[in-house]
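As a plain string of letters, each chain reads:
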Amino acid sequence: MAFSLTSEQSAELEQIVARYPVKQAACIPLLHLCQRANGNWISDEVILFVAEQLNLSPSHVTGVVSFYSLLNEKPPGKHQVWVCRTLSCALRGSEAILKHCEKRLGIKSGETTSDGNVTLRTAECLASCGSAPMLQIDEKYHENLTVERLDTLLESLRSEPKGTP
Amino acid sequence: MLNRTDLIIKSQDRTDGQSISEYIAAGGYGAAEKAFSMPREAVVNEVKAAHIRGRGGAGFDCGIKWGFMPQPGARPHYLVVNADEGEPGTFKDRKIMEQNPHLLIEGCIIGCYAIGAHACYIYVRHELHLAKERLWTAIEQAKDKGYLGKHPFGKSYPVDIWVHTGAGAYICGEETALLNSLEGKRGEPRLKPPFPAQAGAFDCPTSVNNVETVAAVTLALRSGGDAFSRMSLLHEFNDGGVRLFGVSGHVKRPGIYEAAVGLTLRELIYDLGGGILDDRPMIGVIPGGSSCPILLPSEIVDVPGDRRFEPFNGKSVLDLPMGVDTFRSIGTMLGTCCAIVLSDAADPVLACRNLMQFYKHESCGQCTPCREGCGWLDRLLEKIVAGTATMNELNLASEVASNIAGNTICAFGDGAAGPMLAFVQKFRASFEDYIQSGGSKQTRRLAL
Ligand SMILES: Cc1cc2nc3c(=O)[nH]c(=O)nc-3n(C[C@H](O)[C@H](O)[C@H](O)COP(=O)(O)O)c2cc1C
Ligand code: SF4
Ligand code: FES
């Protein structure tokens, strides 16, 4: 089925395009908008939609999508968890945080739980090094983690239908 | 000398950020109003007198950069603020955007006027959702007050500011990659020249400046450029004002601290950072983000032939004031001024490997030496840590790193090679121990 936006989302699209002297500059903001509207991933239909809206070739849009790690080429789980693995976090125990996530969720980094609820990934430095170790769940940072707090966080993902949008 | 200030992040301990009314009550937007009553060139001169060295990593003087912008003509000019904060160990710009967004917005208004631009894009790293939200709110509030829009401060000089966002790629922090990304392309760095001042965003004259640099412009206009510069202990080095210092890793009180330029690493780590966790010895400190070569506490300042270094020669590098030129002179870089501290619990070989995994992951792949070299270094380090590498392969690692440096389109290559070379040179015995005995003398861990 072809991808489309609600009228509210279309209004947002108009606003985005109006910010730039050329339409192409709206490409990444529009991909974010569509990704949110499409269950957090960029399907072929989304690519065609964005290309048509901005008068770009689908191959240009595909090239952009493949470049950026936060544009998902496959559907992720309902919740996305990113554990920062870079040096400041590693010095404060990010490895143990990641291992604990893997154990609790029963998956390896890069995988999604079989019920489709959680995708676990590592991230490179998330600009939160002074409150390491940390991770991001959907749009929210969780800092100064301990294994106990991590358990509560992971538990809340299970019971809640959907976290912050 | 430790000289703490609270000009950049007054609301440091407040989680809700500062409201526009509080900001205005404390003199906020007075600097922009003042700037709008001055000729454009006079504003640039004020910024030049402030000696604001770029806070994004390269340390280029902001006033000089703005002086490179051509006279406003037929083509529009753009101000692009670099808020892609991604250099490992760096977490200062986020603090400004979340806790004092109006300081940045005011700087953007001044900056647009100074460089002849009517539009400013703040390119914020996508993950920083709270920062984006605070900036959009601040922009709306400034618009309501009439500081932005068609007639800021009653002058018919329209200014618009928009938040733009990336999508997860460290390389987009490099200014020309950022411009490609802003234009809706893959974030690959461009060959220079042309420099952004000639052909930047949308092929028009553009200045790309870091968040903290632009925030400092507000302070410089508020106090006067020269007075701002003189707050620094390195005014003599043309390195002016106050700035944010970050410290993370094995310290008791990691965080962002604001102080006059010229703070020493010892003050940052021991006075502000509270010293090393468990009072252990420190084995090294990466002074300003991962791309800066690591320093050992045993290293001594030795810069002959420059009178300004006389007070510091013979002292530990930990007692050298942190400045763009002072740190360049001792073979490292000040970078983003956010230090990563390693205690003796940390295995330097594993720390090196952690960073090289980052560079391998983030290379954009355009240049062969960088793409292949970063991958090669990662594989060599994997072998070293596994205890299966030979001494020849250790030397090869340094050779590979040397071949990346200077042979690439952008400074990412140097940023990967520098730390690798420094780790191998300064912790050679630890690397050799992995080769000879599988790392039996090493801690084999990073966390305490
Ligand atoms: C690989 C790489 C990554 C960079 N990342 C950032 C960044 O995240 N933020 C930033 O302000 N500058 C970053 N820079 C520096 C920018 O290219 C540019 O020098 C800076 O934005 C200019 O602003 P300034 O003069 O105010 O520092 C990076 C440079 C390189 C080579
Ligand atoms: S040096 Fe590396 S990151 Fe920079 S352009 Fe070349 S391949 Fe890309
Ligand atoms: S290293 Fe984890 S947030 Fe910077």
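For the structure itself, consult the block above.
The shown structure was predicted, so the numbers you read here are calculated from the model rather than taken from an experiment.

(A) Here's a closer look at the overall build of chain A. Check the secondary structure of chain A and you find 7 helices and 4 strands. Reading the secondary structure of chain A in the N-to-C direction produces α-α-α-α-β-α-α-β-β-β-α. Expressed along its principal axes, the backbone C-alpha trace of chain A runs to roughly 50 × 30 × 25 Å. Counting only residues that meet the buried cut, chain A has 54% of its 165 residues in that class. Within chain A, counting contacts between residues at least 6 apart in sequence, those at least 24 apart form 60% of the total. Element-wise, carbon and sulfur atoms account for 50% of the exposed surface of chain A, whose accessible area totals about 7,600 Å². Measuring between centres, the 16 positive side-chain charges of chain A sit 6 Å from its 19 negative side-chain charges.

(B) Representation of the interface of chain B and chain A in the model. Counting residues at the interface gives 58 residues for chain B, matched by 38 residues for chain A. Both faces combined, the contact of chain B with chain A buries some 3,800 Å², and carbon together with sulfur accounts for 61% of it. Across the contact surface, chain B and chain A share 1 salt bridge. Taking the shortest distance from any N to any O, the salt bridge between Arg94(B) and Glu143(A) comes out at 3.1 Å. Counting every contact that joins chain B to chain A gives 26 residue pairs in polar contact (both at pLDDT 80 or more). Listing elements by their share of the side of chain B that touches chain A, those giving two or more residues are helix 7 (129-144), strand 3 (160-165), helix 8 (175-182), strand 5 (242-249), strand 8 (338-343) and helix 13 (348-362) of chain B. Broken down by element, the residue count for the side of chain B that touches chain A peaks at 7 residues, all from helix 13 of chain B.

(C) Main features of the pairing of strand 2 (residues 117-124) of chain B. Residues and elements named next belong to chain B. The buried fraction of strand 2 amounts to 7 of the 8 residues, a majority that puts the element mostly inside the structure. Bridging between strand 1 (residues 77-83) and strand 2 involves 7 bridges; their strand directions are parallel. Each residue of the ladder has a partner; that of Val 81, found in strand 2, is Ile 122. In the sheet, strand 2 pairs with strand 3 via 6 bridges, with the strands oriented parallel. Bridge pairing in strand 3 links Tyr 123 to His 164. Note on the crossover from strand 2 through helix 7 to strand 3: the handedness is right-handed.

The rules behind each value
- Residues numbered from 1 in each chain as written.
- Chains lettered and ligands numbered in written order.
- Predicted model: local features only at pLDDT ≥ 70, side-chain atom pairs only at ≥ 80, totals over all residues.
- Heavy atoms only, no water.
- Helix = DSSP H or I, 4+ residues; strand = E, 2+ residues; numbered from the N terminus.
- Buried < 20%, exposed > 50% of the residue type's maximum accessible area, 1.4 Å probe, protein only.
- Contact = heavy atoms within 4.5 Å.
- Areas by Shrake-Rupley, 256 points an atom, 1.4 Å probe, with all protein chains shown as cover.
- Lys, Arg positive; Asp, Glu negative; His and termini not counted.
- Charge placed at Lys NZ, Arg CZ, Asp CG, Glu CD.
- Buried area = accessible area lost by both parts, 1.4 Å probe.
- Salt bridge = Lys/Arg side-chain N within 4 Å of Asp/Glu carboxyl O.
- Polar contact = N/O pair within 3.5 Å; in protein donor to acceptor, adjacent residues only side chain to side chain.
- Pairing = 2+ DSSP bridges.
- Right-handed = clockwise from strand over helix to strand, strands pointing away.

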